[in-house]
Structures are given as structure tokens and as C-alpha cells.
Amino acid sequence: MTAAAFDAPLRRRSRLGRKVRIAAGVFACVVFLFPVFWMVLSSFKEQRDIFTVPPTLFFTPTLETYISYMQRADISRRLINTVIVAAGSGLLSIVAGAMAGYALARIKLRGAGTIGVIILLSRGVPPIALAVPMFLVARSLGVTDMHITLILAYCTFLIPYVMWLMRGFFLALPKELEESAMIDGCSRFGAFFKIIVPISMPGLLSTMIFSMILAWEELLFALVLTNRYASTIPVAIAGIAGDTVNGANWGALTAVGTITVIPVVVFALLVQKWLIQGLADGATKG
Amino acid sequence: MRTMTAAGARKVRSRTWTTLADVMSRWAFMGPAAIILGAMLAYPIFYTVEISFSRFDLMTFSAVEWIGWENYAHVLDDYRFWSSMKVTLVYLVFALPLQIVLGFGIAFLINADWRGRGTVRALFIIPMVVAPVVAGGIWRMILDPLWGIMNWLIGLAGFAPLDWFGDPNLAMAAIVIIDTWRWTPFVVLIATAALLSLPRDIFEAAEIDGANWWSMLWSITLPLLVPIIAATFVVRWLGAVKMFDIALAATYGGPGGATNVINLFIYEEAFRSLRFAESAAMAVIVLVLTMVLTGIFLFGTRKLEERC
């Protein structure tokens, strides 16, 4: 009785604290979502509704910006290019990166430790240090403005990322798996592709999706290595935002921005569970 | 007798063959990654180093003549290089700690045990997958001095509107805000996972012993979190040193170079001013600095993990 009376104020206070805490958390979330909301909202405005003080919240939505801008700039082609490059580099880097990550985790290689350190350090290589020579080499080989060039360029940061993440993932798997498979007559490759890959699917998929998102958003290599036929969406956005002559066309910016962001958001939310797990592992198992 | 040795030799040969095949199959796993990274990562780095020590001929578009440290001397004499390095340093010093503190703070808030926890956490993914160049673009609209919603809100609160992109300090603040908006959710997601993995019984024991919230935070939560905070810092550092898109889209380095981070400056020097040799020298300087610092941070993280 006395104990309960003693406890009561403390518990009430902590319940209040919990409510404040939840409210603050939700508020932070709303603040962080607002810019995206504002972009999507503005993309359905007419030009005159964008430039208003105070900002308009209620207006007749229109697809005008989308329609006119899709025709003016070749956004659809850039969109296709971005899909090709993101999918291509995502697939290539997951195959090459997962195999190499497996080698580092499970196969006794002389110098594996050194390779691991080099990979980890290579994640710190600033892309700008690669951009100049890549541009010059691509130019002399005549392979600028091609999808494959961009795909390979993206592999420079995707493969180390995948290798490191998958290395941690494979280290956590029980060793008996491929040992028993190899006793049963599987080759090393057989054991990897028939046993390890299927059970690692969630990890592989989430890593691949995150790689594709990274490729989808990349700007520097796309600016340097493409100019017309293989150019991607981020380049278009940089062009719209950096238009200092006419001033930034906000309608176009919000519409193209929305087109860029929505597919990725849908994708990311679909696999959010794996994505969060992958992120947490990526940071902790480093 | 002769047949015996022949068989023995065959056995030996087949054994060497098996070992060789075994070694091959081991290294074959590294093959694709090694080839791609060798061609696209290692070779360009060597080429950058070569260009940085050469005179670059714009007619043939190639490095023609070895001139030693001359490009480096030029770069180190260039006040724009130093001011760009300073800008980058200021950005890193403000943005990284801010993102770590905010990220872990918000993670603590949203980790309260309630029904919407999963949803709120999932929603934090959204800013994280907004392309940085888009982030720069939208925020330029939000922070626009005349029409932006931010200045309208500031006005509502009774303050004078701010010239976000005209004032050097405010422009840097804008870059830090945009970067923080884009990257804090990433820290939040790592931090929520880290907080959830903390052992509960320690907290219960401390509560029974009458420890208050504040002392639990300082003497239990934070020490347990130190390794993961350090790891998050390294991951963010690896991303932040590459910062380019946000500055390009939001300010294009302006006003007057106040937000011209080093990556943007090198890009401009190389691809606008076509000074490939000097930009290669700058790239090498940045590369070496980043490698050294990354190495130090990784070493530090390891040490922290071992201690805990």
C-alpha cells in the first residue's frame, strides 16, 4: 500500500515523460518528411501558385508541369538510362561483390586480411580522384556517353560496399553448411551458388537494392562521363537547379524531383525491414 | 619398376594439378571484383598521380612531359585551394557531430515503446533515399529569400527574413542544414537498431538500485554505445568527404566560394577550366589526406571496440 503510494507519482511522471517523448519523436519525423511533402505538393501546382507569400496549401492540382516538362526535356530517355545504369551496376556489383565477400569471409586466401583493409580504405577514395582519369581514358577509347562506362564507374564504389557488407553476412553463417555440401561432392562454386546464395537471399537482395539506390542518385560520374545519350536524371536535376540564367524553374525541379524520388521511396519502403537490418549490420560489423 | 614410377609421376602431377585447381578456384571468387576494381579504381588512381606530375597538353588531351612537383607547387600557392579546404573543414566540423547527436537523440525519442514505433522508423527512410542533388534543389526552393517557406515561417515567428544564399555564413549554414536533413535519418536508423540491442537487464538493475534517468544515460547507455557511435562516425565521414551534389545543386559553391567544398572546386577546375594537371594534383592531395584520416579513424574505432 505504502509502496504503491510511493511509486505513483514517479510512474505518473514517467508516463507523462513517455508521452512527451513520443510526441517529440513524431514531431521530428514530421519535420524530416516536410521537404519531401512540399516538393510533391509543389509539383502539382501551377507556376503562379508556387510563387506566393504566404505559401499556398490549397489549390487546384494540375499535371501541367509534368506534361510540359516531360515533352520539353528528354526526361523519359534519361529515366530509362537511369534504370538501365542502376539495374546494371546493382546486378554486376552484387555478383562480383558477393563472390569476393565470400572469398574474404570463408576461403583461406593468402593476404585476405590485407585485401580487406585495402577494400575498407578504398571506400574512402573520393570519386573526384577517379573522375579526371576516367574521363580522359573513356574519351580516348571512345566510350564516353555509354551505359556500360557508367555501370563500370559505379562499380568502383558499389563493389567495395557490397564486399564489406556481404563479408559480414557470410561470416555469420554456420560453417557446416558448405562443408557438408562439399563432402557431398559439390565444388566450391557449387556449394556457394546452391547452398550459400539461396539462404543469403534477404541479405543479397537488400544490399542490391541499396546499391541500386546509390547508383540511381549518383551525380559526379554521370556529369563527367555522359553528355547526351546515356545521361541520367540527376544530371537533369543539376541542370535545372543550376540554371542561373533563367533562374531555377521550380515547377520542373519539383516535378522531376518527384519522379526521381517516388520509385525509390516505394522500393525502399517495400524492403524496409531488410534495409534497416542491412544498414545496422553495415555499420556495426565493419 | 618403370611402370611404377610412371604411375607415381602421374599421381604427383595430378596432385599438383588438384592443388593448382584448388588455388584457382579459391582465387576465382575474387576474380570479377579484382578485375573491375583494378581497371576502374586502381588504374585511374595511378593515372591521376601520373597526370599530377606532368604537363597536360590540351591539344592531344594527354599528359606529355614529366615536370615533377610543379603542379603541386601551383596548387599550394593557390589561395582558392586553401579557402576551399577550409570550407570543407568547416562543413565537416559542423555537419558530422550535428548529425551524430541529432541522429542518436531522435533515435532515443522514437524508440519509446508504442504502436507507431515501426511506422515512424520506416518513415525515416524517406529523406535518406532522396537523391542528394534533389535534396539540394528542394531546399534551395524552401530557403529561397523571397518565396521560400522557411523565411515565411521565420517571419511568422517575428524575425527578419534571412538571405540564405547571399550571406557567406548563412550559405554554409544552409549547406549544413541540407546535409543534416539528408543524412540524419541514416544515423537514426543505425542508432535505433543499436539502442534496441542494448541489454535490458542492466537498466532494470540500475533502476532497482535507484539510478535516475540522467545517470543511467551517462554511465550506462553512452559507454555501451561508444563503439557504435564511433562506427557511425566513420561511415558518415566516408560519405561526407565525398560531398558534392548538395553543394552543386543548392549553392554551386557560392556566394564567392563560401560553400565551394573541395570536390566541387576540383570538378570546376578540371571540367570547366580544363586545368587537368592542377586538379589531378589537388585530387592526389585530397586522396592522401582522406586515406590517412580514414586509416586513423578505423584504427581508433578498432581500439575502442577492443576496449569495450
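Source: prediction; values computed, not measured.

Visitor: Give a description of the overall build of chain A that names residues and reports values.
Guide: Within chain A, the secondary structure is distributed over 14 helices and zero strands. Along the chain direction, N to C, the helices and strands of chain A fall in the order α-α-α-α-α-α-α-α-α-α-α-α-α-α. Principal axes of the C-alpha set define a box for chain A whose edges measure 85 × 70 × 30 Å. Taking all 286 residues of chain A together, 46% fall into the buried category. The contacts in chain A between residues at least 6 apart in sequence include a share of 75% that link residues at least 24 apart.

Visitor: How would you summarise the overall build of chain B if you had to cite specific residues and measurements?
Guide: Per the secondary structure count, chain B includes 14 helices and two strands. Against the 2.2 N^0.38 benchmark of 19 Å for 308 residues, chain B shows a C-alpha radius of gyration of 27 Å, more extended than a compact globule. Expressed as lengths along the three principal axes of its C-alpha atoms, the size of chain B is roughly 105 × 70 × 30 Å. Looking at chain B as a whole, 42% of its 308 residues qualify as buried. A separation threshold of at least 6 residues defines the contact pool for chain B, and within that pool the share at least 24 residues apart is 69%.

Visitor: Could you give an account of unusual backbone geometry, with specific residues and numbers?
Guide: In the Ramachandran plot, D145(A) falls in the positive-phi region, its phi being about 60° despite a non-glycine side chain. Along the polypeptide, D145(A) turns up in the loop between α6 (128-141) and α7 (147-171). Its identity is not glycine, yet L274(B) carries a phi of approximately 55°, on the positive side. For L274(B), the location among the structural elements is in the loop between α13 (262-271) and α14 (276-307).

Visitor: An account of the domain arrangement of chain B is needed here, citing residue identities and associated values.
Guide: All names here are of chain B. Looking at chain B, the domain boundaries give domain 1 (2-52) and domain 2 (71-307). Put simply, the middle of domain 1 and the middle of domain 2, counted by C-alpha atoms, are 42 Å apart. In this complex, domain 1 contributes four residues to the contact, which on the side of domain 2 involves seven residues.

Visitor: Give a detailed account of the nonpolar core, specifying residues and quantitative values.
Guide: A general feature of soluble globular proteins is that nonpolar side chains tend to end up buried together. Core analysis: the biggest nonpolar cluster contains 173 residues, and Y154(A), I237(A), V256(A), I175(B) and A283(B) have the highest contact counts within it. If near-sequence neighbours (up to four positions away) are discounted, A283(B) is found in contact with I128(A), A129(A), V132(A), T48(B) and I266(B).

Visitor: Run through the interface of chain B and chain A, naming residues and quoting values.
Guide: How large an interface is tends to be reported as the accessible area lost when its parts come together. Opposite the 78 residues of chain B that make contact, chain A presents 81 residues. Tallied by class, residues from the side of chain B that touches chain A come to 64 nonpolar, ten polar and four charged.

Visitor: Any details on the environment of L196(B)? Residues and values, ideally.
Guide: Residue and element names in this part refer to chain B. Within the secondary structure layout, L196 lies in helix α9 (residues 168-196). The partly exposed category is assigned to L196, around which 13 C-beta atoms lie within 10 Å. Linking L196 and A107, residues 89 residues apart in sequence, is a C-alpha distance of 9.9 Å.

Visitor: Which residues make up the packing of helix α4 (residues 75-106) of chain A against helix α10 (residues 201-217) of chain A, and what values do they have?
Guide: Residues and elements named next belong to chain A. At their nearest, the axes of α4 and α10 sit 8 Å apart, and the two run at 135° to each other. Compared by their axis directions, α4 and α10 come out oblique. Between α4 and α10 lies a crossing whose hand is right-handed. For the pair formed by α4 and α10, the contact residues are T82, V85, A86, A87, S89, G90, S93, I94 and A98 on the first element and L204, T207, M208, S211, M212, A215 and W216 on the second. Among the residues forming the contact of α4 with α10, the class breakdown is ten nonpolar, six polar and no charged.

Visitor: Give me the lowdown on the pairing of strand β2 (residues 62-66) of chain B, citing residues and values where you can.
Guide: All names here are of chain B. Relative to β2, strand β1 (residues 54-57) is paired through four bridges, and the arrangement is antiparallel. Within β2, the position partnered with R55 by the bridge is E65. What sits between β1 and β2 in their antiparallel hairpin is a turn of four residues, with F61 showing a positive phi close to 55°.

Visitor: Summarise helix α12 (residues 233-241) of chain A; cite the residues concerned and give the values.
Guide: Of all nine residues in α12(A), eight are buried, a share of seventy percent or more. Among the residues of α12(A), those classed as buried are I233(A), P234(A), V235(A), A236(A), I237(A), A238(A), I240(A) and A241(A). Those residues of α12(A) that are buried lie in contact with α4, α10, α11 (220-225) and α13 (250-270) of chain A together with α7 (132-142) and α12 (245-250) of chain B.

Visitor: An account of the environment of P202(A) is requested, with residue identities and associated values reported.
Guide: Inspection of the secondary structure puts P202(A) in helix α10. Spatially, the C-alpha atom of P202(A) lies 34 Å from that of T254(A), the residues being 52 residues apart in sequence.

Visitor: Could you give an account of the confidence of the model for chain B, with specific residues and numbers?
Guide: Mean pLDDT over chain B: 87, with 95% of residues reaching 70 or higher. Averaged pLDDT values for the elements of chain B fall to 69 in helix α1 (residues 2-28) of chain B and rise to 94 in helix α4 (residues 79-110) of chain B.

Visitor: How would you sum up the environment of T221(B)? Please name residues and give values.
Guide: Residue and element names in this part refer to chain B. Structurally, T221 can be placed in helix α11 (residues 213-240). Overall, T221 belongs to the partly exposed group, with 17 C-beta atoms counted inside 10 Å. In this structure, T221 is in contact with L198 and M216, ignoring residues within four places of it in sequence.

Visitor: A description of the confidence of the model for chain A should follow, citing residues and the corresponding values.
Guide: Residue and element names in this part refer to chain A. Averaged over all residues, the pLDDT of chain A is 83; the fraction at 70 or higher stands at 90%. Here helix α14 (residues 272-284) stands out as the least confident element of chain A, with mean pLDDT 72; α11 is the most confident, with 93. Throughout residues 1-11 the model reports pLDDT below 50, and contacts reaching past four residues in sequence, or to other chains, amount to zero contacts.

What counts, and at which threshold
Residues numbered from 1 in each chain as written. Chains lettered and ligands numbered in written order. Predicted model: local features only at pLDDT ≥ 70, side-chain atom pairs only at ≥ 80, totals over all residues. Helix = DSSP H or I, 4+ residues; strand = E, 2+ residues; numbered from the N terminus. Buried ≥ 20, exposed ≤ 12 C-beta atoms within 10 Å, placed from the backbone. Contact = placed C-beta atoms within 7 Å. Rg over C-alpha atoms; globule rule 2.2 N^0.38 Å. Domains from an automatic or database assignment. Core = buried A, V, L, I, M, F, W, Y, C linked by C-beta atoms within 7 Å. Nonpolar A, V, L, I, M, F, W, Y, C, P; charged D, E, K, R; others polar. Axes fitted to C-alpha atoms, helices over the stretch in contact; angles between N-to-C directions. Parallel < 35°, antiparallel > 145°, perpendicular 65-115°, else oblique. Left-handed = near helix turned anticlockwise from the far one by under 90°. Pairing = 2+ DSSP bridges. pLDDT = per-residue confidence, 0-100.

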